[in-house]
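# Reading the structure
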Amino acid sequence: MAVNEELELLQGTLDLLVLKTLSWGARHGYGVAAWIRETTDDVLHVEDRALYVSLHRMEARGWIEAEWGLSENNRKAKYYQMTAAGRKQLKTKSVRWSRYAEAVFKVLQVA
Amino acid sequence: MKLPEGVRRWLVLPKRLADVSRQIEDELDFHIESRTDELIRQGLTRGAARARALQEFGDMQQARNELGAIDTVQVSRKRRAEWWAGVGQDLKFAWRGMRRQPGFAVMIVLTLGVGLGLNATTFDLVDRLLFRPPEHVAAPESIRRIYLHETTPWSGPLTQPSTTYPDFVAVRSGSKTMDVAAYMGTEGTMGRGREAEKLNLVAASASYFDVLGVRPHIGRFYTDSEDAAPHGEPLVVLSYDFWQRRFDGANNVLGKQVLIGRKNFTIIGVTPRGFTGIELRPMDVWVPVSVIAEEWGGAEWTTSRNMSWLRMVGRLRPLATDQQSAQEVTAVWRRGGGPRIASDSSARLVFGPVQQARGSWESEDTRNGQVAGWLAGVSVLVLLVACANVANLLLTRAIRLRRETGVRLALGVGRVRLLRSFLVESLLFCALAALAAVLLSIWGGNLLRTLLFTNLTWSDSGLNSRLLVFLLVAVLFTTLAIMLPPTIQMMRESIIPALKAGPRAGNARSRLRTMLLFVQAAFSVVLLIGAALFVRSFQRVSGMSLGFDARTVLVADIDLGLLDYTRDQRNQFYVAASERIARLPGIHGAAVGTSAPFYSAMSTDLHADGHDTIPGRTPFVISVTPDYFATMGTRILRGRGFTSDDRNGAPNVSIVNETMARGLWPGQNAIGKCLYVGPRAEKPPCSRIVGIAEEVKSMALTHEPVKTYYLPFAQRDHGLLALFVRAEGDPMQVVPRVQQAIHAGGANLPYANVKLLQDLVDPHMRSWKLGAALFSVFGALALLLAGMGLYSALSHAVANRRTEVGIRMALGARARDVILMILRDGMTVALAGVATGILIALLVANKIGPLLFDVTPHDPFSYVVAACVLLSVAFIAVLLPARRATSVDPAVALKAE
């Protein structure tokens, strides 16, 4: 697969992952990246640039909202949180992804 | 949004476009820093950690670009939505504000509505007269009316549209730069007897339809071969309206025959709806020129140069310029023998646009056009007065709300935001006013049409796209105008003084308000002066002695030539008819004359005792029956009138008017002198003068007196005949009886035209009447607006000085002195305004000189009256609130603060 296609596929999936990450509370961009890395045991390598594009795009669509905060070491960070619309999107995307994975799995199962 | 534990909120104001890149930078910085820290914790050096972090991130610049693009779009969208939401809010508040203070809102909307409505009406008028091209004419900008300019000894340099048939032929066939047609509008009759009907008829050359580029609605137009000299085909084209009216729009009307005048014409086509040629008056039918010419001009009509009756109109061919074409056409015309006086070097053809009001011929249309133009200017003035009024009201309100404005500014509402809500409110006012204006202009247009422009086509309703565009522009202009002073006030506002302003802050000496008052007073005075001048002018015109009783005398004529009556038969018919009519009940008397005032005039060869040629203009001659002077109401000043003894065979007598008597024999008694009527070679006998009649206006209302002499009808009866009838009561009541009496004279007679003499005079008076009526209305409106404006502004100013008044009175001042003081302040502004207005009027008045009849544009009476009226209004406007202010108990006034 060409690199571009790989990225696009990743984008839709990336949105899903980000939303899920934010479902547990507000995080800043770096926090989301760190969480995904830990949870997938470093298997999924998310390009940071793509992550921020995803965050900003979803903010523009109203799936997540953002607010600036001062961290403990007095650093300005932009924190994101899921909105009600985002929650709906998460549910829809999850269901769709599961179905997709199931279908692929079924095909692969057939020897 | 709930931030994680330990994170404090960092207040960031809503993003502007400038913030976007900075915030992205901050966010990305945080990320790199955090990763760097983590790598440092993993053991790398700062430099290596940072380098690694950057490398892990990816293309920084691309990130910035992408994120920038997304955020910029988002921010713009959000700001737009916010902006529109803000406007919606402003609108809601403005509407609510209007409902809370309906009186204030109604006054503003009405004032502006009147101003805008007037402008819409006059715009419509000006548009119709001066700008709108006639309907169904293709490419009207390349159409030119052709006028003749000549210098003759009897009328000096003159531009007018009538030419002869040979002129037309020469120009049409000879010009290579223009396609030319000829036409002539006149009245005709259709049918006979009871069903006879008057027609507005146009004799038009076949090229007329081609040149104008009009296509028939049904049927066709006649062609060149059908309009050929010397015998044209009797074909007729109907107008759409006439077709509807007379034939109910029946489709089978083509091929039918109708009797027009003497001939039976075949209907071959109908023009499209709204087409009325290039004149503004509605026309009923079009017939070929050659058919009419033969009737009127006799056998040599194709070559006769005695009849100037055709108007020419042409279309410039592509690539021809006006100058080239005018020169070429003039040359062709001159070659064809055009100029009446061969040595006249000034004789030429000139062009005018298709709108007659803009041509160089001094017609009723041009006069109307000038008046309309002035009216448009005046309307703008009235609108300005209205705007000044409203601006004043809004300014007063702004001053009253100073404290509130100060609070809002202190809270951080930007001035721009305040301005925007003010703009929305003003637009709302103006939009409502525009609605009122549209209604007013429709009604006003109808009024204008029925009162003053009865002879113009006004087929469509007032609304059309041009008017709406104009209204839009006017609304925008008005909005800006009314916003200006209050905005200046608001922009100058500083927060602290505004906050300190008392609840009834109303600085009586606001310079802005004084300026507005001054402007209102000045403009209103100018308008009033204009109104006064025009009203006086009209009074002069209508009060002018015409020399006959136009309002009680009817004039009748009937075209007996259609029945091939000989001249004797015709004369007998008329005299018999006049005798029949004179015996009818309700009729005071009837007479016959050989011309009618403002309709026709005749002159012939004449010399008199002591004068081999008559100096100055050739005198007019009228042959009249004995009852003529009594019927018309023309007084015999000396000597006697005609009697039945002055008949054929008896000694020839004549009567001259006083102008002629004074002109030919100054200081002497003209009675007894001789007039010799007829060509000298025939040695005419002496027609002894037996009486002197008063001066009579013949063809124009101007002052130049015309020499006229009268001959007994029984002794000389040349000319077109007209019947005059004097009724005892209301002349219109007897019209049907008169018509019947005329018809009783024979069978199968054509239509008998019976009109009030005033109807012949009216078209000449119309321009002045129009000017007077409209200027008076405008002047009254301006006065009303100015009065209201002055009253409200001045009374507010005075009311706000209540504290001051209270203090003065508490300190012992007399009420009278306080009132005088207030009066002095208020009247100073009014006087200054009036003085300026008078100055402006004096400067501008010269231009309307030609539109005034017998009144100088610097007529002192009008100026004084106008100034007094306005000053009295101002006086009352100041006096009433001043008296109210001083009548309040000082203690109460002081405590009210």
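Now for a description of the structure that goes with this document. No experiment lies behind these values; they were computed from the predicted model shown.

### Comments concerning the layout of surface pockets
Residues and elements named next belong to chain B. Computed from the structure, the second largest pocket encloses a volume of approximately 800 Å³. Among the elements of the structure, helix H3 (60–100), helix H4 (102–131), helix H10 (364–400), helix H11 (402–410), helix H12 (415–452) and helix H13 (465–492) are those that each provide at least two residues to the lining of the second largest pocket. Element by element, the count of residues in the lining of the second largest pocket is highest for H3, at six residues. Split by residue class, the lining of the second largest pocket holds 13 nonpolar, five polar and eight charged.

### Some points on the state of the cysteines
By definition, a disulfide links the sulfur atoms of two cysteines through a covalent bond. Residue and element names in this part refer to chain B. Taken as a whole, this structure holds one disulfide over all chains when the rule is applied. At a sulfur-sulfur separation of 1.8 Å, the disulfide partner of Cys674 is Cys686. Measuring the twist about the S-S bond at about -85°, one finds the Cys674-Cys686 disulfide to be left-handed. Linking Cys674 in strand E20 (residues 674–677) with Cys686 in strand E21 (residues 686–693), this pair joins segments that are twelve residues apart in sequence. You can call Cys686 partly exposed: its relative accessible area is 22%. The thiol sulfur of Cys430 is not disulfide-bonded, and the nearest other cysteine sulfur, from Cys387, lies at 7.3 Å. Looking at Cys430, the relative accessible area reads 0%, which means it is buried.

### Describing the packing of H10(B) against H13(B)
Residues and elements named next belong to chain B. Relative to each other, H10 and H13 sit at 35°, their axes nearing to 8 Å. Between H10 and H13 lies a crossing whose hand is right-handed. Residues Leu383, Leu384, Cys387, Val390, Ala391, Leu394, Leu395, Ala398 and Ile399 of H10 form the contact with H13, whose own contacting residues are Phe477, Thr478, Ala481, Ile482, Pro485, Pro486 and Gln489. Here the residues of the contact of H10 with H13 are counted per class, giving 14 nonpolar, two polar and no charged.

### Points about the packing of helix H21 (residues 802–810) of chain B against helix H22 (residues 815–845) of chain B
Residue and element names in this part refer to chain B. Interhelical geometry of H21 versus H22 gives an angle of 145° and a closest axis separation of 10 Å. Handedness of the crossing formed by H21 with H22: right-handed. Contacts from Glu804, Val805, Arg808 and Met809 in H21 reach Ala815, Val818, Met821 and Ile822 in H22. Broken down by class, the residue content of the contact of H21 with H22 amounts to six nonpolar, no polar and two charged.

### Topic: the interface of chain A and chain B
Contacts between chain A and chain B engage 31 residues on the former and 36 residues on the latter. Here chain A and chain B share an interface that buries about 3300 Å² over both sides, 56% of which is from carbon and sulfur atoms. Remark: the boundary between chain A and chain B carries five salt bridges. A salt bridge links B:Asp37 to A:Arg75, with the nearest nitrogen and oxygen atoms 3.0 Å apart. Elements that contribute at least two residues to the side of chain A that touches chain B include exactly helix H2 (29–39), helix H3 (48–61), strand E2 (64–70) and strand E3 (76–82) of chain A. If you tally residues by element for the side of chain A that touches chain B, the top one is H3(A), at eight residues. As defined by bridge partners, E2(A) adjoins strand E1 (residues 8–9) of chain B across two bridges and the pair is classed as antiparallel. Looking at the pairing, A:Gly69 lines up with B:Arg9 of E1(B).

### A few points about the pairing of E21(B)
All names here are of chain B. For E21, the buried fraction is high: six of the eight residues fall into the buried class. Sheet topology places strand E18 (residues 636–639) next to E21; three bridges connect them, and they run antiparallel. Note that in E21 the partner of Gly639 across the bridge is Gly691. Here strand E19 (residues 653–657) pairs with E21 via five bridges, running parallel. Residue Ser654 lies in a different strand from E21, and its bridge partner there is Ile689. Sheet topology places E20 next to E21; three bridges connect them, and they run antiparallel. Opposite Cys674, over in E21, you have Arg688 as the bridge partner.

Definitions and cut-offs
Residues numbered from 1 in each chain as written. Chains lettered and ligands numbered in written order. Predicted model: local features only at pLDDT ≥ 70, side-chain atom pairs only at ≥ 80, totals over all residues. Heavy atoms only, no water. 1 Å grid on protein atoms, 1.4 Å probe; cavity = no way out; pocket = protein on both sides within 12 Å on 5 of 7 lines; lining within 4 Å. Points joined across faces, edges and corners; volume = space filled by probe spheres on them. Helix = DSSP H or I, 4+ residues; strand = E, 2+ residues; numbered from the N terminus. Nonpolar A, V, L, I, M, F, W, Y, C, P; charged D, E, K, R; others polar. Disulfide = S-S within 2.5 Å. Buried < 20%, exposed > 50% of the residue type's maximum accessible area, 1.4 Å probe, protein only. Axes fitted to C-alpha atoms, helices over the stretch in contact; angles between N-to-C directions. Left-handed = near helix turned anticlockwise from the far one by under 90°. Contact = heavy atoms within 4.5 Å. Buried area = accessible area lost by both parts, 1.4 Å probe. Salt bridge = Lys/Arg side-chain N within 4 Å of Asp/Glu carboxyl O. Pairing = 2+ DSSP bridges.

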